[in-house]
Number of protein chains: 2
Amino acid sequence: MPVIQADRLERLTEAIFVALGAPEEDSRWIATLLVRANLRGHDSHGVIRIPQYAGAVKRGDATPKPTIRVLSETPTTALVDGDLGFGQVVARRAAEIAVAKARAQGLAGVGCSRTNHIGRLADYAELAAAQGLLGMLWVNSPASGSVVPWGGIARRLSTNPHAVAIPGRNGPALSLDMATSVVAQGKLRVKRNRKEPAPPGWMIDAQGRPTTDPEAFFGEPRGALLPLGEHKGYGLSLIVEILGGVLSGTGAGRPEAGPARNGVFILCLDVERFLPLDRFYAEVERFIAYVKSSPRAEGIAEILVPGEPEERTAAERRTAGIFVEEETWRQIRAVARELRVSA
Amino acid sequence: MPVIQADRLERLTEAIFVALGAPEEDSRWIATLLVRANLRGHDSHGVIRIPQYAGAVKRGDATPKPTIRVLSETPTTALVDGDLGFGQVVARRAAEIAVAKARAQGLAGVGCSRTNHIGRLADYAELAAAQGLLGMLWVNSPASGSVVPWGGIARRLSTNPHAVAIPGRNGPALSLDMATSVVAQGKLRVKRNRKEPAPPGWMIDAQGRPTTDPEAFFGEPRGALLPLGEHKGYGLSLIVEILGGVLSGTGAGRPEAGPARNGVFILCLDVERFLPLDRFYAEVERFIAYVKSSPRAEGIAEILVPGEPEERTAAERRTAGIFVEEETWRQIRAVARELRVSA
């Protein structure tokens, strides 16, 4: 079973993206974010995506050296065209624009279209949090329907994630990044590559019957993921389609097949327009301590806030290395070989 | 079983609030919103609240004629002090400020402190949607802990609702208003007044064991509600505490008992800064039609979007009248009697 040190995995990933034609700095950023996802325990958004991204370049669906453009803007808003660049590069630019505008105006909203898969949303929300801003994202994927509407049995919605990062004194005080489906599609992809069944409650087969077999999702006829918390996750998912998809100019979910694109909406808010950062930090810290002081359920060692499990996993994996399942490692090495990059 | 016509219930409610000392126009607005909640099937946020609001006035916890003040503002932000007014009146004012600022600047965020229970959040989000804006709310209730953190068994969070209304050609295209707990506390209150058990999965008792007895929540030792979708609803709930509670100056959840206050954060966004309203409407309509076209699960007659079940219930109840359970009706009549209002 391959266990690989983070820096080796980063160097390999960077080399692959350079070989795919991306500028060096962009390649380093993409490698940082992909490996950061692995470090933080979200293998679904880590290097497992390399074959997908390389395939997109091969098919002409991704532009390794994009000309990212601001299509329109006002002091508080912007629309960004990603020129089909790698999502990590496009979303970083959009987040930077949102941060600058929110700093100047208090609030800003930036929509972003024609971009490839942006990876974990938390990374961009945390860019804002690092500047003392509250950062939020809503991201859809209009041609990647994989989730049923509540009451339906066919794919109509993507897993439509939403993320919020709250600034703190030392990095984000908390960082939430969640699919509005019971689980992200990538989590099922990991199960499939590991040849493990999914837990009950994640999905239904094409006839609408509960199933735990990942092949019932990836194979034909195709099953679907369920929305988080029944009608509530379904409702949140619709909101993500409208913010991430419609406002960004990407469009909401549609039946037409097509390359996987993300529709992105980033909102930043300057906390200091409401209260001094020090008072904000103090109240958030007091509140988190109060939440953590709750008596615990059986088998729970500690109550954590979103972002903490990720930080702890990262601390472990920085020393222990990153486990990459056989199948994923095989696929990555095949990509590297084809690009004449030594793995 | 009392079944009462909406207009009669509105007149009675208005008269009660006038007798409590609220201005006539405010009383009419409060009556409109409370009865609108009943009409829309959310009895938990309807006239069942009259005894609670009247009790707050009696104890000096609510100001019937508040002097609502803007404590600070910038072109995109404001902090509003509600002077302990009825929440319906304070939140309407805050929403109006957010709407005006978002119209002028594209985005606006308004926090609101020292206000009583604002009722259904959807009503204020829909005020924004009626003007072609996207409206969002996050509302906490810092002294009303009723929900466990994920992994905990003691109350630390309020039910912390979040609402989003999307503008449409004829009223909101969709209107989501959801507790981040499995269920709103008011829904459990209705079960209690109707002497019905709660469905499994809503709550735990004081020892952390699953229970369906509403008294395990309202009685001593007190149980708690569970967060929606395990760690995800818990994460959303924390965000609501920080936006609704901390940014508004109300504060996040705390152990100290106190009168029920809402911390409110309203965000409005002008769709037209991103795309023309007509194109927005058309894309949202296309998308909703696509979602609704999904084959349906067994026993599902139609796939609906958030806000639609409410509209349909309202159409029915406008003719059939509103069922008010015996116990609630007894309490409302007791309030009316005490205020010398004829029921």
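Everything quoted here is computed from the prediction, not taken from an experiment.

## Here's the deal with the interface of chain A and chain B
- Facing 75 residues of chain A, the contacting portion of chain B comprises 75 residues.
- For the chain A face of the interface with chain B, the top three residues by lost area are A:R156, A:K232 and A:F274, together amounting to 12%.
- Between chain A and chain B we count zero salt bridges in total.
- Counting across the interface, chain A meets chain B through 28 residue pairs in polar contact (both at pLDDT 80 or more).
- Listing elements by their share of the side of chain A that touches chain B, those giving two or more residues are β3 (77-85), β4 (107-115), β5 (133-140), β6 (162-166), β7 (174-178), α8 (231-247), β11 (262-270) and α9 (277-292) of chain A.

## What about the sheet that holds strand β2 (residues 69-73) of chain B?
- With respect to topology, seven strands assemble into an open sheet ordered β2-β3-β4-β11-β5-β6-β7 (chain B), the strand pairing being mixed. Each end of this open sheet is capped by a strand with a single partner; those strands are β2 and β7 (174-178) of chain B. Across this sheet, the average inter-strand angle for adjacent strands is 15°, counted without regard to direction.
- One ladder, built from four bridges, connects β2(B) with strand β3 (residues 77-85) of chain B; its direction is antiparallel. Looking across to β3(B), one finds that B:R69 is bridged to B:D81.
- Against the sheet, α8(A) makes contact with β5 (133-140), β6 (162-166), β7 and β11 (262-270) of chain B, and its axis sits at roughly 130° relative to β7(B), the strand it touches most.

## Regarding the nonpolar core
- Within the largest apolar cluster, 90 residues are counted, with the highest numbers of intra-cluster contacts made by A:L247, A:F280, B:L247 and B:F280.
- Non-local contacts of B:L247, meaning those with residues more than four positions away in its chain, are made with A:L134, A:L269, A:V271, A:F274, A:L275, A:F280, B:L79, B:I242 and B:F265.

## A word on the sheet that holds β6(A)
Residue and element names in this part refer to chain A.
- One open sheet holds the seven strands; their spatial order is β2-β3-β4-β11-β5-β6-β7, and the pairing between them is mixed. Because the sheet does not close on itself, it has two edges, and the strands there are β2 (69-73) and β7. Across the sheet, the axes of successive neighbouring strands diverge by a mean angle of 15°, strand direction being ignored.
- The pairing of β3 with β4 spans six bridges and is parallel. Bridging across to β4, T77 finds its partner in G109.
- Helix-sheet contacts for helix α4 (residues 87-105) involve β2, β3, β4, β5 and β11, and the interaxial angle to β4 is about 160°.
- Sitting on the sheet, α8 touches β3, β5, β6, β7 and β11, and the angle it makes with β5 is about 95°.

## Thoughts on helix α10 (residues 308-320) of chain B
Residues and elements named next belong to chain B.
- In a regular helix each residue adds 1.5 Å, so 13 residues correspond to 18 Å; α10 covers 18 Å between its end C-alpha atoms and thus fits that length.
- Looking at α10, one finds that the buried residues are E308, E310, T313 and A314.
- Along its buried surface, α10 packs onto α2 (24-39) and α9 (277-292).
- Two residues or fewer past α10, G321 is found with a positive phi of approximately 90°.

## Focus on the packing of aromatic side chains
Residue and element names in this part refer to chain A.
- All chains considered together, the criterion is met by 14 aromatic pairs over all chains.
- For the ring pair Y53 and F86, a centre distance of 6.3 Å and an interplane angle of 35° mean the geometry is tilted. One end of the pair, Y53, is in helix α3 (residues 50-58); the other, F86, is in the loop between β3 and α4, and 33 residues separate them in sequence. Here Y53 and F86 have matching classes, each one buried.

## Let's talk about the confidence of the model for chain A
- With 100% of its residues at a pLDDT of 70 or more, chain A shows a mean pLDDT of 96.
- Scored as a complex, the prediction yields pTM 0.97 and ipTM 0.97.

## What to know about the relation of the copies chain A and chain B
- Its rotation angle being 180°, the transformation that places chain A on chain B also includes 0.0 Å of axial translation and leaves an RMSD of 0.0 Å. Read as a symmetry element, the transformation amounts to a two-fold axis. Among all residues of chain A, the one whose C-alpha sits closest to the rotation axis is A:G229, at a distance of 2.5 Å.

## Overview of the domain arrangement of chain A
- Taken domain by domain, chain A consists of domain 1 (1-64 + 320-343), domain 2 (66-181 + 227-273) and domain 3 (277-309).
- Centre-to-centre separation of domain 1 of chain A and domain 3 of chain A, based on C-alpha positions: 34 Å.

## What to know about unusual backbone geometry
Residues and elements named next belong to chain A.
- A cis amide bond, omega -10°, links E220 with the succeeding residue P221.
- When you line up the elements, P221 lands in the loop between α7 (214-218) and β10 (224-225).
- Non-glycine residue D83 carries a positive phi angle of around 55°.
- The phi torsion at E230 lies on the positive side, around 60°, for a residue other than glycine.
- With respect to the helices and strands, the residue E230 is situated in the loop between β10 and α8.

## Re the pattern of salt bridges
- According to the stated counting rule, one finds 58 salt bridges over all chains in the structure shown.
- A:K292 is the salt-bridge partner of A:E302, the closest N and O atoms lying 3.8 Å from each other. Here A:K292 lies in helix α9 and A:E302 lies in the loop between α9 and α10 (308-320), a separation of ten residues in the sequence.
- For A:E302, a relative accessible area of 38% puts it in the partly exposed group.
- Residue classification places A:K292 among the partly exposed residues on the basis of a relative accessible area of 24%.
- Between B:E215 and B:R192 there is a salt bridge, and its shortest N-O distance comes to 3.1 Å. Pair noted here: B:E215 is in helix α7 (residues 215-218) and B:R192 is in helix α6 (residues 185-193), with a separation of 23 residues, a long-range link.

## Details of the environment of A:E325
Residue and element names in this part refer to chain A.
- Relative to the elements of secondary structure, E325 occurs in the loop between β12 (322-323) and α11 (326-338).
- Assessed through its relative accessible area of 5%, E325 is described here as buried.
- The contact partners of E325, leaving out residues within four places of it in the chain, are I48, N193 and R194.
- Among the polar contacts listed, one links the side chain of E325 to the side chain of T328, at a separation of 2.5 Å.

The rules we used
Residues numbered from 1 in each chain as written. Chains lettered and ligands numbered in written order. Predicted model: local features only at pLDDT ≥ 70, side-chain atom pairs only at ≥ 80, totals over all residues. Heavy atoms only, no water. Contact = heavy atoms within 4.5 Å. Buried area = accessible area lost by both parts, 1.4 Å probe. Salt bridge = Lys/Arg side-chain N within 4 Å of Asp/Glu carboxyl O. Polar contact = N/O pair within 3.5 Å; in protein donor to acceptor, adjacent residues only side chain to side chain. Helix = DSSP H or I, 4+ residues; strand = E, 2+ residues; numbered from the N terminus. Pairing = 2+ DSSP bridges. Axes fitted to C-alpha atoms, helices over the stretch in contact; angles between N-to-C directions. Core = buried A, V, L, I, M, F, W, Y, C linked by side-chain atoms within 4.5 Å. Buried < 20%, exposed > 50% of the residue type's maximum accessible area, 1.4 Å probe, protein only. Expected span 1.5 Å × (residues − 1). Phe/Tyr/Trp six-rings, centres within 6.5 Å; stacked < 30°, edge-to-face > 60°. pLDDT = per-residue confidence, 0-100. Least-squares fit on C-alpha atoms with pLDDT ≥ 70 in both. Domains from an automatic or database assignment.

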